Amino acid sequence: LLVICVLMTSFIVIKESVVKIKNKNLDYYYIFNSVVITGGSGEKIIVPSIIGGKDVIKIEDEAFKSDSDLKELIISNGIKEIGDNAFSDCKKLVNVTVPASIKKLGKTPFEDSIYIKEFLYQGKYFSPADFLGNDYQKEMIVEFITPNNK
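To keep things clear, this report deals only with the structure shown in the data block.

1. Quick notes on the overall build of the protein chain
Argument step 1. Looking only at helices and strands, the protein chain has three helices and twelve strands in total.
Argument step 2. Within the protein chain, the fraction of its 150 residues that count as buried is 41%.
Argument step 3. Of the roughly 8800 Å² of accessible surface on the protein chain, a fraction of 53% belongs to carbon and sulfur atoms.

2. Considerations on the sheet that holds strand E12 (residues 143-145)
Argument step 1. The strand order across the open sheet formed by five strands is E4-E7-E9-E11-E12, and the pairing between neighbours is parallel. Bordering the open sheet on either side are strand E4 (44-47) and E12, each of which pairs with just one other strand. Taking each pair of neighbouring strands and ignoring which way they run, the sheet shows an average axis angle of 5 degrees.
Argument step 2. In terms of strand pairing, strand E9 (residues 95-98) meets strand E11 (residues 118-121) through four bridges, oriented parallel. From the neighbouring strand, Val 98 faces E11, where its bridge partner is Tyr 121.

3. Brief notes about unusual backbone geometry
Argument step 1. Positive phi outside glycine occurs at Phe 32, with the angle close to 55 degrees.
Argument step 2. One can find Phe 32 in the loop between strand E2 (26-31) and strand E3 (34-40).
Argument step 3. Even without being glycine, Ser 66 reaches a positive phi, approximately 60 degrees.
Argument step 4. You can see Ser 66 is positioned in the loop between strand E6 (54-59) and strand E7 (72-75).

4. Let's talk about the packing of aromatic side chains
Argument step 1. Counted under the stated rule, the structure contains nine aromatic pairs.
Argument step 2. Between Phe 126 and Phe 131, the aromatic rings sit 5.8 Å apart at their centres with planes inclined by 75 degrees, giving edge-to-face as the arrangement.
Argument step 3. Among the residues examined, Phe 126 registers a relative accessible area of 18% and is labelled buried.
Argument step 4. A network of ring pairs unites the aromatic residues Phe 64, Phe 87, Phe 110, Phe 119, Tyr 121, Phe 126 and Phe 131 as a single cluster.

5. Digging into the pairing of E9
Argument step 1. Summarising the sheet, E7 and E9 pair through three bridges and their orientation is parallel. Bridge assignment links Glu 72 to a residue of E9, and that residue is Asn 95.

6. Digging into the side chain of Ser 34
Argument step 1. The residue Ser 34 is located in strand E3 in this model.
Argument step 2. Residues in contact with Ser 34, not counting those within four places in the same chain, are Tyr 29, Lys 54, Asp 55 and Ile 57.

7. Let's talk about the pattern of salt bridges
If charged atoms from side chains of opposite charge come close, those side chains can pair.
Argument step 1. The tally for this structure, following the rule as stated, stands at five salt bridges.
Argument step 2. Across the pair Glu 43 and Lys 71 runs a salt bridge whose closest N-O atoms are separated by 3.9 Å. One end of the pair, Glu 43, is in the loop between E3 and E4; the other, Lys 71, is in the loop between E6 and E7, and 28 residues separate them in sequence.
Argument step 3. Judged by its relative accessible area of 36%, Lys 71 is partly exposed.

What counts and what doesn't
Residues numbered from 1 in each chain as written. Predicted model: local features only at pLDDT ≥ 70, side-chain atom pairs only at ≥ 80, totals over all residues. Heavy atoms only, no water. Helix = DSSP H or I, 4+ residues; strand = E, 2+ residues; numbered from the N terminus. Buried < 20%, exposed > 50% of the residue type's maximum accessible area, 1.4 Å probe, protein only. Areas by Shrake-Rupley, 256 points an atom, 1.4 Å probe, with all protein chains shown as cover. Pairing = 2+ DSSP bridges. Axes fitted to C-alpha atoms, helices over the stretch in contact; angles between N-to-C directions. Phe/Tyr/Trp six-rings, centres within 6.5 Å; stacked < 30°, edge-to-face > 60°. Contact = heavy atoms within 4.5 Å. Salt bridge = Lys/Arg side-chain N within 4 Å of Asp/Glu carboxyl O.

Take a look at the structure:
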């Protein structure tokens, strides 16, 4: 009987806590000890690798989709994932910097952002088409810079 009581009292339930926050030009939420970017506003967006002492791990699906102001995007080293269509259809976006730390890429996160002129990708895992979709081959005049062709 004593063994059963000890086992029953040691059961712990951990619930996910999500608090949405808007700070400066970014919207995000905390999930456990990490941060997920959900959107933002401004002509220049710098996605930092740390917010409030916690690692930024992901830019959520469609976070900046159809943003009508975004011209320049810099994603800091340390961020691991860009979600599906995160920056698709951003008509004014012309300069993009993506770090080598990105290991998971959603479905064509920059598709239909057809005015990108310079795309600096600091890694080696993904191709231009992975980021830009079919537009990379058809309509875009992009300088896609990687560590191999700097």
